[in-house]
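Residue strings, one per chain:
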Amino acid sequence: MRELYNIMASKQNLKNKWSTTLILFLILLVMVVTFSVLSRDFISHFNIISMLTNISFIGIIAGTLTFVMITGGLDISVGGNIALVSCVVAALYNMPEPLPMWLITLIGLGVGACIGSLNGLLITRLNLSPIITTLGTMAMAQGGAFVISRGLSILVFEDFIGFIGRGSVLGLPTPLFLFGVIYVVLGIVLARSKLGRKVYCIGANQEAARLSGIQVERVKFGLYLMSGLAASFSGLILVGQTAVGMPQHGIGTELDIISAVLLGGTALSGGKGSILGTLAGALILGVLYNGFTMIGFKWVHIRIFQGILLIAIVAIYELRERKRY
């Protein structure tokens, strides 16, 4: 009887997930059609590729943050992580006797891994609040970025880092290609692997997951480490795109990243979410920014509409959950 109930519950959750994702892609389709009518240039090949490329560095972090938020966690430090990594990489590149670029890149990824590990240790070992912990590490990272760069932009003209941000693979911009590959991998891991099942179990009931033999602290630590690595990788992409490292990189991106995950149907309370939903959320935000810019709206007006859209969609999710129960 219990097995039958679990099968029925699993099928219902899958049905709800696909229903939510379908709604998101319908919203995305309506937005694309609307902006195409309002601006002829919106649907051009150049604009579409540019828009998707700009989404890439935020989308990569949003994908890994989906895992963290499904467990009931949160990582606000990603913006500060991006800033610190960009400044560390730029400063090392501009040393009188610079290190090899491959080593500088590894150090940059290591900085992100250290921030993610610190978050994971504080949250799992000391049982600190994820919001307070990651706010603190965000402030530390942003402060470190300003100290290293002295508040200035540091130029980085290097072929390898330029390839990450401005190169192309199989006819696609490198960031967009990496974005696609990473999402395929993350989607398979979350939906088909043991780790994915553990993530959902922890989000649904952490204590029950622990009693069932899941090493909750180890899994959560690994997810925060993964989030830190993703943020540092996106920081490298941003340095490659702009050819500078500066402390202003990443400021405010945490709002866009968390918004993309929430728009995708991931619950702040945990236990629910999908990579496909997060992809739809990231695309909706990208189309929103690009479309409104194309028709002449200012950044502050776009921010207002982003807030309205986020509240509206999350409210719809909550109302649907209440009706279900």
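Rules behind the numbers
Residues numbered from 1 in each chain as written. Predicted model: local features only at pLDDT ≥ 70, side-chain atom pairs only at ≥ 80, totals over all residues. Heavy atoms only, no water. Helix = DSSP H or I, 4+ residues; strand = E, 2+ residues; numbered from the N terminus. Buried < 20%, exposed > 50% of the residue type's maximum accessible area, 1.4 Å probe, protein only. Phe/Tyr/Trp six-rings, centres within 6.5 Å; stacked < 30°, edge-to-face > 60°. Axes fitted to C-alpha atoms, helices over the stretch in contact; angles between N-to-C directions. Parallel < 35°, antiparallel > 145°, perpendicular 65-115°, else oblique. Left-handed = near helix turned anticlockwise from the far one by under 90°. Contact = heavy atoms within 4.5 Å. Nonpolar A, V, L, I, M, F, W, Y, C, P; charged D, E, K, R; others polar. Expected span 1.5 Å × (residues − 1). Polar contact = N/O pair within 3.5 Å; in protein donor to acceptor, adjacent residues only side chain to side chain. Patch = residues over 30% accessible without salt bridge, like charges linked within 9 Å, V, L, I, M, F, W, Y side chains within 5 Å. Areas by Shrake-Rupley, 256 points an atom, 1.4 Å probe, with all protein chains shown as cover. Salt bridge = Lys/Arg side-chain N within 4 Å of Asp/Glu carboxyl O.

### Some thoughts on unusual backbone geometry
Working note: non-glycine residues mostly have negative phi, and peptide bonds are mostly trans.
No. 1: Its identity as a non-glycine residue notwithstanding, N127 has a phi of 60 degrees, on the positive side.
No. 2: Counting through the fold element by element, N127 comes out in the loop between α4 (101-125) and α5 (130-149).
No. 3: Residue N127 is classed as exposed on the basis of its relative accessible area, which comes to 69%.
No. 4: Of note in the backbone geometry, A243 takes a positive phi value of approximately 65 degrees without being a glycine.
No. 5: Looking at the element boundaries, A243 is found in the loop between α10 (216-242) and β4 (244-245).

### Things to note about the packing of aromatic side chains
No. 1: Taken as a whole and assessed by the stated rule, the structure comprises five aromatic pairs.
No. 2: When the centroid spacing of 5.3 Å and the interplanar angle of 75 degrees are considered together, the rings of F35 and F292 count as edge-to-face. One end of the pair, F35, is in helix α1 (residues 2-38); the other, F292, is in helix α12 (residues 275-294), with 257 residues separating them in the sequence.
No. 3: Every member of this aromatic cluster is reached through a ring pair, and the members are F35, F42, F292, F297 and F305.

### Comments concerning the packing of helix α3 (residues 78-93) against α10
No. 1: Following both chains from N to C, one finds α3 and α10 inclined at 50 degrees, their axes separated by 8 Å at the closest point. Between α3 and α10, the angle is such that the two are oblique. Here α3 and α10 pass one another in a crossing that is right-handed. On α10, the residues that touch V78, N81, I82, V85, S86 and V89 of α3 are S227, G228, A231, S232, G235, L236, L238 and V239.
No. 2: Of the residues in the contact of α3 with α10, the class split is eight nonpolar, six polar and no charged.

### Things to note about α12
No. 1: For α12, which comprises 20 residues, the first-to-last C-alpha distance of 28 Å matches the rise-based estimate of 28 Å (1.5 Å per residue) to within 8%.
No. 2: Of all 20 residues that make up α12, 16 are buried, and the element is covered over most of its length.
No. 3: For α12, the capping residue at the N-terminal end is S274, with a side-chain oxygen 3.0 Å from the backbone nitrogen of G277.
No. 4: Of the residues one or two after α12, G296 is the one with positive phi, at around 100 degrees.

### With respect to a nonpolar patch on the surface
No. 1: On the surface, a nonpolar cluster with roughly 500 Å² of combined accessible area is contributed by L22, L26, L29, V33 and V37.
No. 2: On the secondary structure map, V37 appears in helix α1.

### Some points on the environment of L223
No. 1: Tracing the sequence through the fold places L223 in helix α10.
No. 2: For L223, a relative accessible area of 2% translates into the label buried.
No. 3: Distance in space between the C-alpha atoms of L223 and I311 is 27 Å, their sequence separation being 88 residues.
No. 4: Setting aside residues no more than four positions away along its own chain, L223 makes contact with F67, V68, T71 and V199.

### Considering the packing of helix α2 (residues 45-70) against α10
No. 1: Between α2 and α10, the shortest axis-to-axis distance is 8 Å and the interhelical angle comes to 175 degrees. In terms of their interaxial angle, α2 and α10 are classed as roughly antiparallel. Between α2 and α10, the residues in contact are T53, F57, I60, I61, T64, L65, F67 and V68 and L223, Y224, M226, S227, A230, A231, F233, S234, I237, L238 and Q241, respectively.

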